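Here are the chains, one letter per residue:
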Amino acid sequence: MSSIAQTYEGLRSSQRFRKRFSVVVRLIIAVFLIFFSIFPVLWIISASFDNSQSLATQTLIPEHAGLNNYRDLFGQNPDYEFGDLFYWKWVWNSVKIATITTVLSLSITTMAAYAFSRLRFTGRVLMLKGILLIQVFPNLLALVAIYLLIFQTGEIIEQLGLNTHAGLILVYLGGSMGLNIWLMKGFLDTIPRAIDESGMIDGASNFQIFWTLLLPLLRPILVVIGILSFIGTYGDFILARILLNDVDKYTLMVGLQIFTAGQFDKKWGVFAAGALIGALPILITYLALQDQIAGGLTTGAVKE
Amino acid sequence: MSGLVIEKKKANRSQEAPLSRIILVILVVVLDVAAVWFIQNALSKGFTQLVIIISVIAVMLNLIFLIPKAYPFRWMAIGLSFLVLFTIYPMIFTIYVAFTNYGDGHLLTKEQALPLIQKATYLPEEGKSYSWTAYLSESNEYALWLVNADGETFIGKPGEQIVPAQLGDAGIGDADANGIPVSLDGYTRLNPLVAATNKDLPSIKFGLEGDQTIQIRSPSEAAELEIRYVYDEAADTVVDQSNGDIYYNVNGTFTTRDGKTIAPGFRTVVGFKNFIDFTTSPALRGPLVRIVTWNFIFPTISVLSTFALGLAIAIMFNDRDFPLKKVIRSFLLIPYTIPGLISIIMWRGMLNPEFGVINRFLNDWFGWAPAWTTEPSWAQAAILLVNLWLGYPYFMLITSGALQAIPSDIYEAAMIDGASGWQQFRRITLPLLLVAVGPLLIASYVYNFNNFNLIYLFISGGPPIVGASTQAGHTDILISYVYKLAFESGGRGVQYGLASAISIIVFFIVGTITLVQYRFTNMWEEVSENV
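Parameters and conventions
- Residues numbered from 1 in each chain as written.
- Chains lettered and ligands numbered in written order.
- Predicted model: local features only at pLDDT ≥ 70, side-chain atom pairs only at ≥ 80, totals over all residues.
- Heavy atoms only, no water.
- Contact = heavy atoms within 4.5 Å.
- Buried area = accessible area lost by both parts, 1.4 Å probe.
- Salt bridge = Lys/Arg side-chain N within 4 Å of Asp/Glu carboxyl O.
- Polar contact = N/O pair within 3.5 Å; in protein donor to acceptor, adjacent residues only side chain to side chain.
- Helix = DSSP H or I, 4+ residues; strand = E, 2+ residues; numbered from the N terminus.
- Nonpolar A, V, L, I, M, F, W, Y, C, P; charged D, E, K, R; others polar.
- Domains from an automatic or database assignment.
- Core = buried A, V, L, I, M, F, W, Y, C linked by side-chain atoms within 4.5 Å.
- Buried < 20%, exposed > 50% of the residue type's maximum accessible area, 1.4 Å probe, protein only.
- Pairing = 2+ DSSP bridges.
- Axes fitted to C-alpha atoms, helices over the stretch in contact; angles between N-to-C directions.
- Phe/Tyr/Trp six-rings, centres within 6.5 Å; stacked < 30°, edge-to-face > 60°.
- Lys NZ or Arg CZ within 6 Å of the ring centre and 35° of its normal.
- Patch = residues over 30% accessible without salt bridge, like charges linked within 9 Å, V, L, I, M, F, W, Y side chains within 5 Å.
- Areas by Shrake-Rupley, 256 points an atom, 1.4 Å probe, with all protein chains shown as cover.
- Expected span 1.5 Å × (residues − 1).
- pLDDT = per-residue confidence, 0-100.

Undergrad: Any details on the interface of chain A and chain B? Residues and values, ideally.
TA: When the parts come together, some accessible area is lost, and that loss is often what is quoted as the size of the interface. Counting from both sides, the interface comprises 103 residues of chain A and, opposite them, 99 residues of chain B. Taken together, both faces of the contact between chain A and chain B bury some 9,700 Å²; the carbon and sulfur share is 79%. When the buried surface of chain A facing chain B is broken down by residue, F137, L141 and I156 of chain A rank first, second and third, together holding 7% of it. Inspection of the chain A/chain B interface yields 0 salt bridges. Here chain A is connected to chain B by 8 residue pairs in polar contact (both at pLDDT 80 or more). Here the side of chain A that touches chain B takes 16 residues from helix α1 (residues 2-48) of chain A, the largest share from any one element. In terms of residue class, the side of chain A that touches chain B is made up of 73 nonpolar, 17 polar and 13 charged.

The structure is reproduced here in structure tokens:
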């Protein structure tokens, strides 16, 4: 009996040592991993404060630290020679487009999802499966068709055509329908029917049930999906690149990409400043809400 | 909006108030008026496909709002319209375009192309001839003074109608000994010898195209041009009036038996030509084989590497009491929180072979550094490295959630049975984890299969494949290749047809993978259960 207890004690202490050792090893690994993960970010921060503005001469601690890049970025340097910079305009365009898209998309898809989750009608299952199938066809593959669709629409209604934000928002809305209806239906399904029934007994209409009973319960997940949708639209590049032509109409991502084309090594510092300001709000949102976002992700959305 | 929905609701309960019915009807009327206006405009511009799709949507909306039984669909009317317009229609359109020759040289419809073809003229051996005198303006524009066989006189300028003119008209200068004016309004006469040896003059068409044009044939003679091509509608052929050649309609280009063609071509259905082209044409097939191979290697390695690193991190820092756990996790999450485009351009700067920090470091310490952007294999390696950085936090998030869901008593049971750490991982953690994360691995594979942003923004799919007939690069995947074919011709001409054909192929690959994923997640069955 005692020998068993002794072996157990010995096992415990050697385990404790091994555990402490392994914690130290893992901490060292963590330092390396963190270096890998944040070095590019540190590098870009340093570049943004480096007055030499060039890729070739930049060091991690800038030798000529200053705010020249930010001055160039905000158009306060009349001698700046590389292309048109409408930085705040781009940021504003991006925020505007992403906000409108997110709000409209959530409204439209939540209503559709309500019908799929709560109402019973012929063709319901067929339609749900259909939406799922259609979703397999990525928006990206239909670039040519979407481009021509918007071009032709613009020939008739100028305000919805190429080079307009309204046209771009329409395309974003169209692309987000299928998956978001599915996601939202999934969340609605998790809300017990008993809640609806209590409303029905009180004589509430479908819309009253939806508006006053279900929507408040959906709010937390709506916020998460909203944030993810906002970030997704904010970060989109290709559709905006194809549909927008004028430099003052660009979104931030298109603006930054076009800006970096050609003589990249000389624009590096200004790009760094612009990238940093563009990325910071998103970075902070993510870090603040990482648990909720992780929850939203596991339900099936992949970062776009 | 909200009031409206309530109206619809009441309509359904067939106790609809007259007022709500009226509002509904007004809404439908407004909608129909807008639709009819739009369709009329689209028709006048010849956008047939757009007319069809808007009609379909308009009819659908009418049915939804006017039939009380269709009440549930009113909730999704807007959503459905968007789905039809921006997902289903582009799909059908893409399939259609894949079977046509739509692209540079074939951008017009036949109805638009024929008048252009029939505008072409030639200089006949015989025909109405004129004697000519050339004049030059200060802005280097030419004009002709023409005299026909009957002695009638005209002035001809390029792009303007040929007009009769008389000596003594306003702006026309005095006549010389031969009765030819010494100047025209703003033009001065060219020395006949200079005019006869001028290299530009014989190629200029004077007069208005499609109306009457005159070209200089010899130093003494100018002749009226005649319509060159005549279209024979019954035979669908074009006959060249200058030499009698017959051009047949071959895949949207009028072509003679011996291969001469007329530009412009026009849009037409060419069957499987686009699909067959890149399996048979050597210039297309070579790069395509490379692109397809890389298109499978890239997502495979990306998913495996990001999953492995993410999982390793999740396991290492999973203990509840691990010091600074939250801080470490937040730092490691950072790559995920930066908009992809910014990260990719950032890495492009850091991996710049000449000036980038990584190569400067490698050169200083080892005297050697890889050519990340010009050497094909290093470019691929760079892309995989960047994608590892971009992608591992996602799997770190996912797997650390899934790890916590594995009940700890399983591990205790395994420890009692004397299972080693590796055995526990291999036999318990991995299988249980894959059940939860498997579908997300597939989703990530599909995402990376079409990861346009990374490929395009890093070095636009470069370095270019030498000898390719289209703009193909060593790191191109199908979707970036499609983009280049359709939107970045680089002087080689856009090829919507070919681009769409490749889109269809990508769709089949991705579709198959995704359907497997649905099986995995029981999404399919879930639908049926919830009826």
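Undergrad: Tell me what's going on with the domain arrangement of chain B, and back it up with residues and numbers.
TA: Under the domain assignment, chain B is made up of domain 1 (2-98), domain 2 (121-227) and domain 3 (280-524). Its C-alpha centre places domain 2 of chain B at a distance of 68 Å from the equivalent point of domain 3 of chain B.

Undergrad: Give me the nonpolar core: which residues, what numbers.
TA: All names here are of chain B. One finds L50, W75, F317, L332, V437, F458 and I502 to be the most contacted residues of the largest nonpolar core, which totals 223 residues. With 15 residues, the single largest contributor to this core is helix α13 (residues 376-405). Membership of the second largest hydrophobic core comes to 17 residues, among which are I162, L190, L201 and I204.

Undergrad: Run through unusual backbone geometry, naming residues and quoting values.
TA: Positive phi, normally seen in glycine, also occurs at N163 of chain A, with a value near 65°. Relative to the helices and strands, N163 of chain A is located in the loop between α5 (143-156) and α6 (165-189). On the accessibility criterion, N163 of chain A (12% relative accessible area) is buried. With a phi angle near 50°, S460 of chain B is a residue other than glycine that sits in the positive phi range. By the secondary structure assignment, S460 of chain B is in the loop between α16 (452-459) and α17 (478-487). For S460 of chain B, a relative accessible area of 34% translates into the label partly exposed.

Undergrad: Would you mind going over the pattern of salt bridges in detail, with residue names and values included?
TA: Residues and elements named next belong to chain B. Counted by the stated rule, this structure contains 7 salt bridges over all chains. Among the ionic pairs, K260 bridges to D245, the shortest N-O distance being 2.5 Å. Of this pair, K260 sits in the loop between β15 (253-255) and α8 (273-280) while D245 sits in the loop between β13 (237-240) and β14 (246-250); the two residues are 15 residues apart in sequence, bridging distant segments of the chain. Exposure remark for K260: the relative accessible area of 37% places this residue in the partly exposed category. Between D476 and K484 there is a salt bridge, and its shortest N-O distance comes to 2.7 Å. The exposure class of K484 is buried, given its relative accessible area of 8%.

Undergrad: Lay out the sheet that holds strand β12 (residues 229-232) of chain B with the relevant residues and their values.
TA: Residues and elements named next belong to chain B. Spatial strand order, β12-β13-β14-β15: 4 strands in an open sheet with antiparallel pairing. Every other strand in the sheet has two partners, leaving β12 and β15 as the edge strands with one partner each. Along the sheet, successive strands turn relative to each other by an average axial angle of 30°, direction set aside. Direction of pairing for β12 relative to β13: antiparallel, over a ladder of 4 bridges. Following the sheet pairing, D232 is matched in β13 by T237. Running over the sheet, helix α6 (residues 110-119) touches β12, β14 and β15 and is turned about 145° from β12.

Undergrad: I'd like a rundown of the packing of aromatic side chains, residues and numbers included.
TA: For the structure on display, the rule yields 50 aromatic pairs over all chains. Geometrically, the ring pair formed by F35 of chain A and F39 of chain A is tilted, given 5.3 Å between the ring centres and 40° between the ring planes. Residue F35 of chain A and its partner F39 of chain A are both found in helix α1; the two are separated by 4 residues, about one turn of the helix. Aromatic pair F116 of chain A and F121 of chain A: ring centres 6.0 Å apart, planes at 50°, arrangement tilted. There is no split in this pair, since F116 of chain A and F121 of chain A are both buried. A network of ring pairs unites the aromatic residues Y147 and F237 of chain A together with F452, Y456, Y483 and F487 of chain B as a single cluster. Between the NZ or CZ atom of R257 of chain B and the centre of the ring of Y248 of chain B, over which it lies, the distance is 3.8 Å. Taking NZ or CZ as reference, R267 of chain B lies 4.6 Å from the ring centre of Y102 of chain B, over its face.

Undergrad: An account of a nonpolar patch on the surface is needed here, citing residue identities and associated values.
TA: Together, V25, V29, V33, V59, L63, L66 and I67 of chain B make up a nonpolar patch on the protein surface, roughly 560 Å² of accessible area in all. With respect to the helices and strands, the residue V25 of chain B is situated in helix α2 (residues 18-45).

Undergrad: Which residues make up the side chain of H106 of chain B, and what are the values?
TA: Residue and element names in this part refer to chain B. Examined against the element boundaries, H106 turns out to sit in the loop between α5 (77-98) and α6. Looking at H106, its side chain comes within polar contact range of the side chain of N101, at 3.0 Å. Here the side chain of H106 touches G252 through a polar contact of 3.4 Å, landing on its backbone oxygen.

Undergrad: Which residues make up α5 of chain A, and what are the values?
TA: Residue and element names in this part refer to chain A. The end-to-end C-alpha distance of α5 is 20 Å, a good match for the 20 Å that 14 residues give at a rise of 1.5 Å each. With 11 of its 14 residues buried, α5 lies for the most part within the structure. For α5, every residue scored as buried is listed here: L143, V144, A145, I146, L148, L149, I150, Q152, T153, G154 and I156.

Undergrad: Break down the confidence of the model for chain A for me, citing the residues and quoting the values.
TA: All names here are of chain A. For chain A, per-residue confidence averages 84 on the pLDDT scale, and residues scoring 70 or more make up 90% of the total. The least confident element of chain A is helix α12 (residues 290-298), whose mean pLDDT is 68; the most confident is helix α3 (residues 87-118), at 94. Low confidence marks residues 300-304, where pLDDT is under 50. Its contacts with residues over four positions away, or in another chain, come to 12 contacts.

Undergrad: Break down the pairing of β14 of chain B for me, with residues and values.
TA: All names here are of chain B. In terms of strand pairing, β13 meets β14 through 3 bridges, oriented antiparallel. Bridging from a neighbouring strand, V239 pairs with I246 of β14. Between β13 and the antiparallel strand that follows it, β14, lie 5 residues; G244 among them carries a positive phi value of about 80°. Alignment of β14 against β15, held across 3 bridges, turns out to be antiparallel. What sits directly across from N249, in β15, is F254. Remark: 2 residues form the turn of the hairpin made by β14 and β15, two consecutive strands paired antiparallel; N251 in that turn has positive phi of roughly 50°.

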